[in-house]
Amino acid sequence: MESIIELRKKTGVLVAAHRGTSGGNIPPNSIAAFDIALKEGADILEMDLFQSIDGELFVFHTGMEPSHLDRHIRIERYTAGEIRQMRLCNSDLQQTFLPVNSFDDVLEHLKGKCKLNLDRSINIIEPVMKAVKKHGMEDQILMKSDPSDQSLKLIEAYAPTIDYMPIFMEEDFASDKIEKMNINYIGAEIVFEKETSPVIQESYLEMQKKKGRILWGNAILYSSRVPLAAGHSDDVSLTDDPAKGWGWLADKGFDIIQTDWTKHCVDYLKENNYRK
C-alpha cells in the first residue's frame, strides 16, 4: 500500500475519520462506522484499542461505556467471551445488534482498504503489533502517541518501521530526540488551543515541511471547552463557514484533517481544490 506521504502527493489533503462515521443507529468504533466512512471518502480510519482481562484486543474507547454500552463498567476488566456478548448502543442509548469488534476482525475486514490510525494503543503496543504482523498489514498502520521517553522507547522497541507521529500539544520538545532514535518519524499531530501557540507558527510549520513531514490537524472536538485547533473545528465548519474550519487548516498547511463529518469535509476539500 502507498505510504502516507505518497498518498498525500496523489490525493491532496487527506481525511481521517474519527472512529469512523457514526450517528443515528450506527455506533462509533464499529465495522459499520468504518465502512460508511470509507464510502464517504475517508483515507484514514482512526480507532481506539484496548485489551480484555484475558489478553484479547478489541476496538472500543474505554471510559465511554455509559455512552456506547449504557453500562457503568470498565470493559477492560471483562473477559473476551463476556465482551463478545455485549452490544453497542446508538445515539439514543438504545441497544443495536452490533458487537464490540475484536481487533482481529477489524484488521481482516479492512485489509488492503485504507490507512489505520491505532489510537490509545501505546501501552499495549506489543500485542497490537503482533496482531498487525499476523495479518500482514504493517504498511497500513499509522501510530501516534505522546512524545514521552517511555512512549518513544516502546515505539522504537516494537514498531520502529511503522509510520509514526508524536502528538505535540502547544510546543515541540521532542523532535530532536526522535530524530536520533530508530523510529519512522513521518510527521506530527499538532494540538493548539490558541493561534499564538508555538506549534502553529509559520516558522515551525515550515521547518517540519522542509524535513518532508506530514502535519495532522484536528477539526474534531471532544469538548467545546477544549479546542484542539484554536476553534477551527467541525462545528464552525458546519454551522458557520467551512473556510473558517477545514479551509483554515488546509491553508495553514495541514496534510491530514481528522473529522467527525467525513463526507462534508471531503466534499468541501474537493470543491475548493484542496484534494482531487
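Overview of the structure. On a predicted model such as this, the values are computed, not experimentally measured, just so you know.

### So, the pairing of strand E10 (residues 214–218)
Then, number 1: A large share of E10 lies buried, amounting to five of its five residues.
Then, number 2: Burial along E10 is two-sided: Ile214, Trp216 and Asn218 and Leu215 and Gly217, pointing in opposite directions, are all buried.
Then, number 3: In the sheet, strand E9 (residues 187–191) pairs with E10 via three bridges, with the strands oriented parallel. When the sheet's bridge partners are listed, Glu189 is paired in E10 with Trp216.
Then, number 4: For the segment spanning E9, helix H9 (residues 202–210) and E10, crossover handedness is right-handed.

### Regarding the nonpolar core
It is characteristic of soluble globular proteins that their nonpolar side chains tend to be buried jointly.
Then, number 1: The biggest cluster of nonpolar side chains holds 61 residues, and the ones touching the most others in it are Leu45, Met47, Phe103, Leu116 and Leu118.
Then, number 2: Take this core: its biggest share by element is five residues, from helix H6 (residues 125–134).
Then, number 3: Discounting residues that sit within four places of it in the chain, Met47 has contacts with Asn29, Phe34, Val59, Phe103, Val106, Leu110, Leu116, Asn117, Leu118 and Asp119.

### Observations concerning the packing of helix H5 (residues 103–110) against H6
Then, number 1: Their axes nearest at 10 Å, the elements H5 and H6 cross at an angle of 35°. Crossing angle aside, the handedness with which H5 passes H6 is right-handed. Along the contact surface, H5 presents Phe103, Asp104 and Leu107, while H6 presents Val128, Ala131, Val132 and Lys134.
Then, number 2: When its residues are assigned to classes, the contact of H5 with H6 shows five nonpolar, no polar and two charged.

### Describing H6
Then, number 1: For H6, the set of buried residues is Ile125, Val128, Met129, Ala131 and Val132. Buried residues along H6 cover an arc of 155° about the axis, so they all sit on one side. Away from its buried face by more than 90 degrees, H6 exposes Lys130 and Lys134.
Then, number 2: Elements in contact with the buried residues of H6: strand E2 (44–51), strand E3 (57–59), H5, strand E6 (115–119), strand E7 (141–145) and helix H7 (149–158).
Then, number 3: Gly136 sits one or two positions beyond H6 and adopts a positive phi of about 65°.

Reading the values: rules and limits
Residues numbered from 1 in each chain as written. Predicted model: local features only at pLDDT ≥ 70, side-chain atom pairs only at ≥ 80, totals over all residues. Heavy atoms only, no water. Buried < 20%, exposed > 50% of the residue type's maximum accessible area, 1.4 Å probe, protein only. Helix = DSSP H or I, 4+ residues; strand = E, 2+ residues; numbered from the N terminus. Pairing = 2+ DSSP bridges. Right-handed = clockwise from strand over helix to strand, strands pointing away. Core = buried A, V, L, I, M, F, W, Y, C linked by side-chain atoms within 4.5 Å. Contact = heavy atoms within 4.5 Å. Axes fitted to C-alpha atoms, helices over the stretch in contact; angles between N-to-C directions. Left-handed = near helix turned anticlockwise from the far one by under 90°. Nonpolar A, V, L, I, M, F, W, Y, C, P; charged D, E, K, R; others polar. Arc of directions from axis to C-beta.

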